[in-house]
Amino acid sequence: MFAFLLLGQSTSAQSCSADFNAVIDGPDVAFDGIATGVSPSYVWDFGDASGPQTFAIAAPVSHLYAGPGPYTVTMRTVSTTPPTPGCLSTDTSMVINID
């Protein structure tokens, strides 16, 4: 098996930013995200039928894809404390290709 490392492209709003990377190992993908300027919760949308999933910490998460294809992965951070409540940072440019 080959593992690939992909880096997301971040966007920012209200002085917060977020980035994530992915390691692809067949249909199993490990994601790791980080946010700056916020004390966030992390909402991951893996681009398939599983729907958004919320995590309270930035620990790496993994996802098993059911089949081959391209999947657009989104990580959103939502600030839960000051200084920027409601600050959102979303990455919509990460496309995962599962063979």
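Please refer to the structure placed before this passage.
This section reports on the structure supplied with the text.

Rules used in this analysis
Residues numbered from 1 in each chain as written. Predicted model: local features only at pLDDT ≥ 70, side-chain atom pairs only at ≥ 80, totals over all residues. Heavy atoms only, no water. Phe/Tyr/Trp six-rings, centres within 6.5 Å; stacked < 30°, edge-to-face > 60°. Buried < 20%, exposed > 50% of the residue type's maximum accessible area, 1.4 Å probe, protein only. Helix = DSSP H or I, 4+ residues; strand = E, 2+ residues; numbered from the N terminus. Pairing = 2+ DSSP bridges.

### Points about the packing of aromatic side chains
Working definition: an aromatic ring pair is given by the centre-to-centre distance plus the angle between the planes.
Next, step 1: Applying the stated criterion across every chain, the model contains six aromatic pairs.
Next, step 2: Considering the side-chain rings of Tyr65 and Tyr71, the 4.4 Å spacing of their centres and the 35° angle between planes classify their relative orientation as tilted. Of the two residues examined, Tyr65 and Tyr71, each falls in the buried class.
Next, step 3: Chaining the aromatic ring pairs together yields one cluster made of Phe20, Phe31, Trp44 and Phe46.

### Examining the pairing of strand β4 (residues 28-36)
Next, step 1: Residues of β4 alternate between two faces, with Val29, Phe31, Gly33 and Ala35 buried on one and Asp28, Ala30, Asp32, Ile34 and Thr36 left unburied on the opposite face.
Next, step 2: Note: β4 against strand β7 (residues 61-64), four bridges, orientation antiparallel. Within β7, the residue paired with Val29 across the bridge is His63.

Functional significance is not addressed by these values, which are geometric in nature.
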